[in-house]
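These are the residues of each chain, in order.
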Amino acid sequence: MADAPQIPTVWTNRALLNWTTEYLARKGIESPKIDAQVLLAHVLGCKKVDLLVNFDQQPPEADRNRFKELIQRRVNGWPVAYLVGTRDFYLLTFEVTPAVLIPRPETETLVAEALAFLKPKSAPAVLDIGTGSGCIGISIAHQKKDSHVTAIDVSPDALEVAKRNAAKAGVADRMTFLQGDLFAPLPAGATFDLIASNPPYIAGHEFAGLQAEVRDHEPRAALDGGADGLAFYRRIAAAVGPYLKPGGKLLLEIGSTQDESVRGLLAAQPDLEVGPTLKDDAKHPRVVTAKKK
Ligand code: GLN
């Protein structure tokens, strides 16, 4: 094979990283260098920076074999976060399993807005609908120390992950986890200062064009927003009013093309006033905001 990378005789960290970076790139992986570093650091139980400091170290064969297995699964489409079992989000590291959506940097826009709104409030009540890994609710509880956060998910497996993440972040005593569909598990009369959600929002016709690593590995229930992608926004818009305190805020993450539709759904509710839509770091519309009148 003329284009195969040369096999080194001694497998140092440097040689492993160089060879793997080239291999992943040839297999069409988008961020081959970072992926190689993250996977090797995971196998060796060290930080990425330690790999570079110890460039000439030779990992034992058992570690090299585990690394090789991970590389193969990566090439087969497994997301790095599931291979290493964690993903950094906002200021915390979250455990992730294939039962939960991998937290995305776009969602940090929602968390930052939530925290800005909650800052002047004392002991606010917060609701995170479809909490998944818990990244939204837990980040809020972690940064707003007198908040109480209720986190709901329909998936019991996701809730187990979220509960472990809450315990790890030291916020479990200020959180309530409920299993069920949207608002269904809430006690009668429950109201909140802030309700946040990053609901499933992929439309049926979009699945075919989705990145294979998302489509084939992340939970379908966390992605599938029904035929037009708006099913959950429709249901949330229709039901949310009574759960918000007067002046309470609703923050909904959206797909970048859904701004107008979701604003329309919220504007149709007489007790809601639609606010500005926030953009993510890539300048795409990402978080629709509304207030309870
Ligand atoms: N709330 C979680 C997140 O933002 C899960 C969202 C989902 O599964 N749609 O990552």
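Remember, predicted model here, so these are calculated numbers, not experimental data.

## Points about the packing of helix α1 (residues 13–26) against helix α2 (residues 32–44)
- For the pair α1 and α2, interaxial distance at closest approach is 8 Å and the crossing angle is 135 degrees. In terms of orientation, α1 lies oblique with respect to α2. Two packed elements cross with a definite hand, and for α1 against α2 that hand is right-handed. Of α2, the residues touching α1 (which contributes Asn13, Leu16, Leu17, Thr20, Thr21, Leu24 and Ala25) are Pro32, Lys33, Asp35, Ala36, Gln37, Leu40 and Leu44.
- Tallied by class, the residues present in the contact of α1 with α2 amount to eight nonpolar, four polar and two charged.

## Examining the packing of aromatic side chains
- The final tally for this structure, using the stated rule, is five aromatic pairs.
- When the centroid spacing of 6.2 Å and the interplanar angle of 90 degrees are considered together, the rings of Trp11 and Trp19 count as edge-to-face.
- Judged by centre distance (6.0 Å) and plane angle (75 degrees), the ring pair of Phe89 and Phe94 falls under edge-to-face. Considered together, Phe89 and Phe94 belong to a single accessibility category, that of buried residues.
- The structure contains a cluster of three or more aromatic residues connected by ring pairs, namely Trp11, Trp19 and Tyr23.
- Cation over ring: Arg220 sits above Phe207, and NZ or CZ is 3.6 Å from the ring centre.

## Considerations on α1
- Over its 14 residues, α1 runs 20 Å from end to end, which matches the ideal 20 Å to within 8%, given 1.5 Å per residue.
- Buried residues in α1 make contact with α2, α3 (48–53) and α4 (61–75).
- Trailing α1 by a residue or two, Gly28 shows a phi angle of about 85 degrees, which is positive.

## A few points about the pattern of salt bridges
- Across all of its chains, the model carries 14 salt bridges by this definition.
- Arg14 is the salt-bridge partner of Asp56, the closest N and O atoms lying 3.2 Å from each other. Note that Asp56 is positioned in the loop between α3 and α4 and Arg14 in helix α1, a separation of 42 residues in sequence.
- Relative accessible area serves as the criterion here: at 52%, Asp56 is assigned to the exposed category.
- You can call Arg14 partly exposed: its relative accessible area is 35%.

## Quick word on the nonpolar core
- With 33 residues, the main nonpolar core has Phe183, Ile195 and Leu266 as its most contacted residues.
- Looking at this core, the elements with two or more residues in it are β3 (125–129), β6 (192–197), α11 (231–239), β7 (244–253), α12 (259–267) and β10 (285–292).
- Here this core gets four residues from one element, more than from any other, and that element is α11.
- If sequence neighbours within four positions are ignored, Phe183 has contacts with Leu127, Ile129, Ile195, Ile236, Ala239, Val240 and Tyr243.
- In this structure, Leu118, Cys135, Ala162 and Phe177 belong to the second largest nonpolar core, which totals 29 residues.

## Quick look at the layout of surface pockets
- Of the voids in this model, the second largest pocket is the one considered here, and its volume is about 490 Å³.
- Looking at the second largest pocket, it is lined by 31 residues, and the ones nearest its centre are Gly130, Asp153, Pro200, Ala221 and Ala222.
- A breakdown of the residues in the lining of the second largest pocket according to their chemical character gives 18 nonpolar, nine polar and four charged.

Analysis parameters
- Residues numbered from 1 in each chain as written.
- Predicted model: local features only at pLDDT ≥ 70, side-chain atom pairs only at ≥ 80, totals over all residues.
- Heavy atoms only, no water.
- Axes fitted to C-alpha atoms, helices over the stretch in contact; angles between N-to-C directions.
- Helix = DSSP H or I, 4+ residues; strand = E, 2+ residues; numbered from the N terminus.
- Parallel < 35°, antiparallel > 145°, perpendicular 65-115°, else oblique.
- Left-handed = near helix turned anticlockwise from the far one by under 90°.
- Contact = heavy atoms within 4.5 Å.
- Nonpolar A, V, L, I, M, F, W, Y, C, P; charged D, E, K, R; others polar.
- Phe/Tyr/Trp six-rings, centres within 6.5 Å; stacked < 30°, edge-to-face > 60°.
- Buried < 20%, exposed > 50% of the residue type's maximum accessible area, 1.4 Å probe, protein only.
- Lys NZ or Arg CZ within 6 Å of the ring centre and 35° of its normal.
- Expected span 1.5 Å × (residues − 1).
- Salt bridge = Lys/Arg side-chain N within 4 Å of Asp/Glu carboxyl O.
- Core = buried A, V, L, I, M, F, W, Y, C linked by side-chain atoms within 4.5 Å.
- 1 Å grid on protein atoms, 1.4 Å probe; cavity = no way out; pocket = protein on both sides within 12 Å on 5 of 7 lines; lining within 4 Å.
- Points joined across faces, edges and corners; volume = space filled by probe spheres on them.

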